[in-house]
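Read off the chains here:
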Amino acid sequence: MNSLRIARTALRVRPTAVRAPLQRRGYAEAVSDKIKLSLALPHQSVYKSQDVVQVNIPAESGEMGVLANHVASIEQLKPGLIEVIEESGGSKQFFLSGGFAIVQPNSELSINAVEGYPLEDFSIDAVRSQISEAQKIVGGSGSEQDIAEAKIELEVLESLQAALK
């Protein structure tokens, strides 16, 4: 019987907590739907904390689309195409040879790359020519260093060729 009394006492106490006035749920605070993008290369800053809508990056862990309020992360970038979707609705594409992307919790994205150029600066014919030259070196009897450098060059050029298609 004692357990029944305890249960009744608990029931008597609980309804008073439930009778408290219900708090209304209001609209959430206005949160920006933009990302502050900084894209830095050794020879220039392409973006300096500029508001953009979305950035698609070639991370080593897979292709990523970064929007406002994205979870914080640090990603190593592989050679590939980044796409910046701007506030105006247009987009710009850049080819990066690699680097790092740092997503901050306050909708800030910093991309630091070794090399990067607008995609329209490349010629598909020139890329194909360089690929065949690199393949000759990789298949040839050059020094270990020459072959290693040609393999890296080939990886970057093949990524660039895929982006240009």
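The structure presented is a predicted model; accordingly, all values stated were derived computationally and were not measured. (Residues numbered from 1 in each chain as written. Predicted model: local features only at pLDDT ≥ 70, side-chain atom pairs only at ≥ 80, totals over all residues. Heavy atoms only, no water.)

## Structural notes on the overall build of the protein chain
What counts is decided by this rule: Here a helix means four or more residues in a row that DSSP labels H or I, a strand means two or more in a row labelled E, and each is numbered from the N terminus. The criterion used for residue contact is that any of the two residues' heavy atoms lie within 4.5 Å. The protein chains shown are the only cover counted for residues, whose accessible areas, like all others here, come from Shrake-Rupley with a 1.4 Å probe.
A tally of helices and strands in the protein chain yields three helices and nine strands. Secondary structure elements of the protein chain occur, N-terminal to C-terminal, as α-β-β-β-β-β-β-β-β-β-α-α. Pairs at least 24 residues apart make up 48% of the contacts formed inside the protein chain by residues separated by at least 6 positions. Entry remark: accessible area of the protein chain is about 11200 Å², with carbon and sulfur atoms responsible for 51%.

## Thoughts on the pattern of salt bridges
Operational definition: In the sections that follow, a salt bridge refers to a side-chain nitrogen of Lys or Arg positioned within 4 Å of a carboxyl oxygen of Asp or Glu. Only protein chains enter the accessibility calculation, which uses a 1.4 Å probe; a residue whose area is less than 20% of its type maximum is buried, one above 50% is exposed, and one in between is partly exposed.
This model, assessed by the stated rule, comprises four salt bridges. Where Asp51 meets Lys36, a salt bridge forms, and the shortest distance between an N and an O atom there is 3.0 Å. Of this pair, Asp51 sits in strand S2 (residues 44–59) while Lys36 sits in strand S1 (residues 35–41); the two residues are 15 residues apart in sequence, bridging distant segments of the chain. Using a relative accessible area of 27% as the deciding quantity, one classes Asp51 as partly exposed. Among the salt bridges present, the one from Asp125 reaches Arg128, with a minimum N-O distance of 3.7 Å. Of this pair, Asp125 and Arg128 both sit in helix H2 (residues 124–139), three residues apart, which is roughly one turn of the helix.

## Overview of the environment of Leu41
On the secondary structure map, Leu41 appears in strand S1. Taking the C-alpha atoms as reference points, Leu41 and Glu115, 74 residues apart in sequence, are found 6.3 Å from one another. When sequence neighbours within four positions are dropped, the list of residues in contact with Leu41 reads Val46, Leu96, Ala113, Glu115 and Gly116.

## Here we look at the packing of H2 against helix H3 (residues 144–164)
Convention followed: Interaxial angle, 0 to 180 degrees, is taken between N-to-C directions of lines fitted to C-alpha atoms, where a helix line uses only the stretch in contact. Working definition: roughly parallel below 35 degrees, roughly antiparallel above 145 degrees, roughly perpendicular at 65 to 115 degrees, and oblique for all remaining angles. Two helices that cross are described as forming a left-handed crossing if the nearer one is turned anticlockwise from the farther one by less than a right angle, and a right-handed crossing if clockwise. Each residue receives one of three labels: charged for Asp, Glu, Lys and Arg, nonpolar for Ala, Val, Leu, Ile, Met, Phe, Trp, Tyr, Cys and Pro, and polar for the others, Gly being one of them.
Look at H2 against H3: their axes get within 9 Å of each other, and the N-to-C directions meet at 150°. Here H2 is positioned roughly antiparallel relative to H3, judged by the angle of their axes. Read as a crossing pair, H2 and H3 show a hand that is left-handed. Between H2 and H3, the contacting residues are Ile124, Val127, Arg128, Gln130, Ile131, Ala134, Gln135, Ile137 and Val138 on the first element and Asp146, Ile147, Ala150, Lys151, Glu153, Leu154, Leu157, Glu158, Leu160, Gln161 and Leu164 on the second. Tallied by class, residues from the contact of H2 with H3 come to twelve nonpolar, three polar and five charged.

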